[in-house]
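The lines below spell out each chain.
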Amino acid sequence: GAKIVGAMAVVAGLTGCGSVIDEGNFAIEKHWGGSYNDTAISQGFHFNIVDTIFQVYGRESLVKIEDVRPKDSNKILLKDLDLNISFKANKEGAIKFLLKTGDMTKDGDLFYLGRKYVQKDAQSIIGRTVGKFTSEEMLGDQQKLETTFKTDLQKELDELYGKDTFTVTEVKIANIR
């Protein structure tokens, strides 16, 4: 029994009828007819013949928001705000997100979920978050702005796509003037 399964895995690997999903990643399977498997595939070897396997990057991705000019709580326009946002796509909400948005981009051998939408959604809430602070508060305590923006963005993504789709891991101010 175990020898047969092992032999099938070797043959599948040699003939291209299988995919290895790297540690930390997951995969989305698109069936020959165009529909998607209901659940994402975990790391390890996955046998397939006619379906397409998209290996999705499951570690932190970086989105940069640059040259934003939001208003502070006193309605004073900032000259420039640049943010670096790190986030992870979670396999639990991946299929639902992909079907809703189609936001899956290829870079090298891997596919990335949410690069376009997370960036767009982050840009859409910057004004709300910055509007909670005066310019002096933001310049004096950048970490508080970063933490507030991280919380606000996570809440926005949860409301739009479900609590199991993305995890915002870090927000860093690259530039503020």
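To start, this report covers the structure provided alongside it. (Residues numbered from 1 in each chain as written. Predicted model: local features only at pLDDT ≥ 70, side-chain atom pairs only at ≥ 80, totals over all residues. Heavy atoms only, no water.)

### Description of empty space enclosed by the protein
In the structure shown here, the tally under the stated rule is one cavity of 30 Å³ or more. Lining of the largest cavity is provided by Leu 81, Leu 83, Ile 126, Thr 129, Val 130, Leu 145 and Phe 149. Counting residues per element, the ones that place at least two in the lining of the largest cavity are β6 (81-89), α3 (115-130) and α5 (142-161). The biggest single contributor to the lining of the largest cavity is α3, with three residues. Per-class residue counts for the lining of the largest cavity are six nonpolar, one polar and no charged. (1 Å grid on protein atoms, 1.4 Å probe; cavity = no way out; pocket = protein on both sides within 12 Å on 5 of 7 lines; lining within 4 Å. Points joined across faces, edges and corners; volume = space filled by probe spheres on them. Helix = DSSP H or I, 4+ residues; strand = E, 2+ residues; numbered from the N terminus. Nonpolar A, V, L, I, M, F, W, Y, C, P; charged D, E, K, R; others polar.)

### Some thoughts on the nonpolar core
Counting 38 residues, the largest nonpolar core has Ile 28, Leu 83, Ile 85, Leu 113 and Phe 149 as the members making the most contacts within it. Not counting chain neighbours up to four residues away, the residues in contact with Ile 28 comprise Tyr 36, Thr 52, Ile 53, Phe 54, Val 56, Ala 94, Ile 95, Leu 98, Met 104 and Leu 113. (Core = buried A, V, L, I, M, F, W, Y, C linked by side-chain atoms within 4.5 Å. Buried < 20%, exposed > 50% of the residue type's maximum accessible area, 1.4 Å probe, protein only. Contact = heavy atoms within 4.5 Å.)

### Structural notes on the packing of aromatic side chains
Under the counting rule described, the total for this entry stands at eight aromatic pairs. On the numbers, 4.9 Å between centres and 85° between planes, the contact of Phe 97 with Phe 166 is edge-to-face. Taken together, the positions of Phe 97 in helix α2 (residues 91-101) and Phe 166 in strand β9 (residues 166-176) put the pair 69 residues apart, joining distant regions of the chain. You'll find Phe 97 and Phe 166 in the same group, each marked buried. (Phe/Tyr/Trp six-rings, centres within 6.5 Å; stacked < 30°, edge-to-face > 60°.)

### A closer look at the environment of Phe 97
Judged by relative accessible area, Phe 97 falls into the buried class, the value being 1%. Residues within four places of Phe 97 in sequence aside, it is in contact with Gly 102, Asp 103, Leu 113, Gly 114, Tyr 117, Tyr 161, Thr 165 and Phe 166.

### Observations concerning the packing of α3 against α5
The interhelical angle for the contact between α3 and α5, taken along N-to-C directions, is 125°, at an axis separation of 9 Å. As judged from the angle between their axes, α3 and α5 are oblique. The chirality of how α3 crosses α5 is right-handed. Listed contacts from α5 to Tyr 117, Val 118, Asp 121, Ala 122, Ser 124, Ile 125, Ile 126, Arg 128 and Thr 129 of α3 are Leu 145, Thr 148, Phe 149, Asp 152, Leu 153, Glu 156, Leu 157, Leu 160 and Tyr 161. (Axes fitted to C-alpha atoms, helices over the stretch in contact; angles between N-to-C directions. Parallel < 35°, antiparallel > 145°, perpendicular 65-115°, else oblique. Left-handed = near helix turned anticlockwise from the far one by under 90°.)

Coordinates in, geometry out; function isn't part of it.
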